[in-house]
Amino acid sequence: MLLAIACVTWPVLGVGAPGTGTEIEIGNGEIGAPPAEFELSPSSEAKQASWTVVRDATAKTGVAIEQAGVKSAEDRFPLAIYKPASLKNAEISLRLNAAGGKSNQGGGVAVRLSSPQDYYLVQLDALRDRVLFSLVRGGVSEEIEGVDADIASRTWHTLTVRAKDDQFIVSLDGTWVFTAFNKTLSKAGRIALWTEGDSITRFDSIAFTPLPASEERY
């Protein structure tokens, strides 16, 4: 069921794929408040407060979404789930900055999310210099593919995943890092921002482009 091909160089992947692209307007949220149009998980108010819109002069539009490194209960991963869109085949791109954390530094994007315990995850690990693709089922994470990469902390990185049926093409800062295959989650789902443990992570420039119908056929 699982197959992956990994390398470290490939042509640039861009967000400007055929189809209608959408960029999430982070600035719609009030500074210091949870981000607009996102459902936060875990849902207790204490955990919600850890996801906030902050000013950041280094961000593309001067604002970013920050997860402040509050470890979630029962080892659940903090998620900010974008409510308006449900996608199966799409290209999703975002910038993230691993700004702090002692035992964890990094973050990622969840795709085809059907619940806070079930999704695919593309993750940057700045402490271990790794890009990872995992399947999360019932809250348990299973690594499908992982590749070493140069991931500097306190620096903006662009992470892109192109999901088409059972194929997932992942790039970092415009360069292909691996292609992975998995058939477990075959239906459309939400996209979400993801962090782990005590990571302090900022996100900006979140965009997605559904693949045209012609690319959704085998």
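This text goes with the structure placed above it.
To keep things clear, this report deals only with the structure shown in the data block. Remember, predicted model here, so these are calculated numbers, not experimental data.

What counts and how
Residues numbered from 1 in each chain as written. Predicted model: local features only at pLDDT ≥ 70, side-chain atom pairs only at ≥ 80, totals over all residues. Heavy atoms only, no water. Helix = DSSP H or I, 4+ residues; strand = E, 2+ residues; numbered from the N terminus. Contact = heavy atoms within 4.5 Å. Areas by Shrake-Rupley, 256 points an atom, 1.4 Å probe, with all protein chains shown as cover. Phe/Tyr/Trp six-rings, centres within 6.5 Å; stacked < 30°, edge-to-face > 60°. Buried < 20%, exposed > 50% of the residue type's maximum accessible area, 1.4 Å probe, protein only. Pairing = 2+ DSSP bridges. Axes fitted to C-alpha atoms, helices over the stretch in contact; angles between N-to-C directions. 1 Å grid on protein atoms, 1.4 Å probe; cavity = no way out; pocket = protein on both sides within 12 Å on 5 of 7 lines; lining within 4 Å. Points joined across faces, edges and corners; volume = space filled by probe spheres on them. Nonpolar A, V, L, I, M, F, W, Y, C, P; charged D, E, K, R; others polar. Salt bridge = Lys/Arg side-chain N within 4 Å of Asp/Glu carboxyl O.

### Some thoughts on the overall build of the chain
Part 1 of the reasoning: Secondary structure summary: the chain contains one helix and 16 strands in total.
Part 2 of the reasoning: When contacts within the chain are restricted to residue pairs at least 6 apart in sequence, long-range pairs at least 24 apart make up 68% of them.
Part 3 of the reasoning: Carbon and sulfur atoms make up 50% of the accessible area of the chain, which totals about 9,800 Å².

### Regarding the packing of aromatic side chains
Part 1 of the reasoning: Summed over the entire model, instances satisfying the criterion amount to seven aromatic pairs.
Part 2 of the reasoning: With a centroid separation of 5.4 Å and an interplanar angle of 55 degrees, the aromatic rings of Phe 38 and Tyr 82 are classed as tilted. Of this pair, Phe 38 sits in strand 3 (residues 38-41) while Tyr 82 sits in strand 6 (residues 79-87); the two residues are 44 residues apart in sequence, bridging distant segments of the chain.
Part 3 of the reasoning: For Phe 38, a relative accessible area of 9% corresponds to the buried category.
Part 4 of the reasoning: Relative to Phe 168, the ring of Tyr 120 has its centre 4.7 Å away and its plane inclined at 55 degrees; by these criteria the two rings are tilted.

### Observations regarding the sheet that holds strand 8 (residues 106-115)
Part 1 of the reasoning: Here seven strands make up an open sheet; going across it, the order is 3-6-15-8-9-10-11 and the pairing antiparallel. Every other strand in the sheet has two partners, leaving strand 3 and strand 11 (140-148) as the edge strands with one partner each. Strand-to-strand twist of the sheet, defined as the mean angle between neighbouring strand axes without regard to direction, takes the value 25 degrees.

### So, the pairing of strand 12 (residues 156-164)
Part 1 of the reasoning: Counting buried residues in strand 12 gives seven out of nine residues, a clear majority hidden from the surface.
Part 2 of the reasoning: In the sheet, strand 7 (residues 90-100) pairs with strand 12 via eight bridges, with the strands oriented antiparallel. What sits directly across from Ser 93, in strand 12, is Thr 160.
Part 3 of the reasoning: Relative to strand 13 (residues 167-172), strand 12 runs antiparallel, the two being bridged by six bridges. Counted as the bridge partner of Thr 160 is Ser 171 from strand 13.
Part 4 of the reasoning: What sits between strand 12 and strand 13 in their antiparallel hairpin is a turn of two residues, with Asp 165 showing a positive phi close to 55 degrees.

### Considering empty space enclosed by the protein
Part 1 of the reasoning: Summed over all chains, the structure comprises three cavities of 30 Å³ or more.
Part 2 of the reasoning: Lining the largest cavity are Asn 104, Gln 105, Gly 106, Gly 107, Gln 123, Leu 124, Asp 125, Arg 128, Trp 194, Glu 196 and Ser 199.
Part 3 of the reasoning: If one sorts the elements of the lining of the largest cavity by residue count, strand 9 (residues 118-125) sits on top with three residues.
Part 4 of the reasoning: Its residues placed into classes, the lining of the largest cavity shows two nonpolar, six polar and three charged.

### Comments concerning the pattern of salt bridges
Part 1 of the reasoning: For the structure on display, the rule yields ten salt bridges.
Part 2 of the reasoning: Where Lys 60 meets Glu 23, a salt bridge forms, and the shortest distance between an N and an O atom there is 3.9 Å. You can see Lys 60 sitting in the loop between strand 4 (51-55) and strand 5 (63-68) and its partner Glu 23 sitting in strand 2 (residues 22-23), a full 37 residues away along the chain.
Part 3 of the reasoning: On the basis of relative accessibility, which here comes to 56%, the residue Lys 60 falls in the exposed class.
Part 4 of the reasoning: Given a relative accessible area of 39%, Glu 23 falls into the partly exposed group.
Part 5 of the reasoning: Linked through salt bridges whose partners overlap, the residues forming this network are Asp 56, Glu 66 and Arg 202.

### Thoughts on the pairing of strand 4
Part 1 of the reasoning: The buried count for strand 4 comes to four of five residues, which makes it a mostly enclosed element.
Part 2 of the reasoning: Pairing between strand 4 and strand 5: five bridges, direction antiparallel. Following the sheet pairing, Thr 52 is matched in strand 5 by Glu 66.

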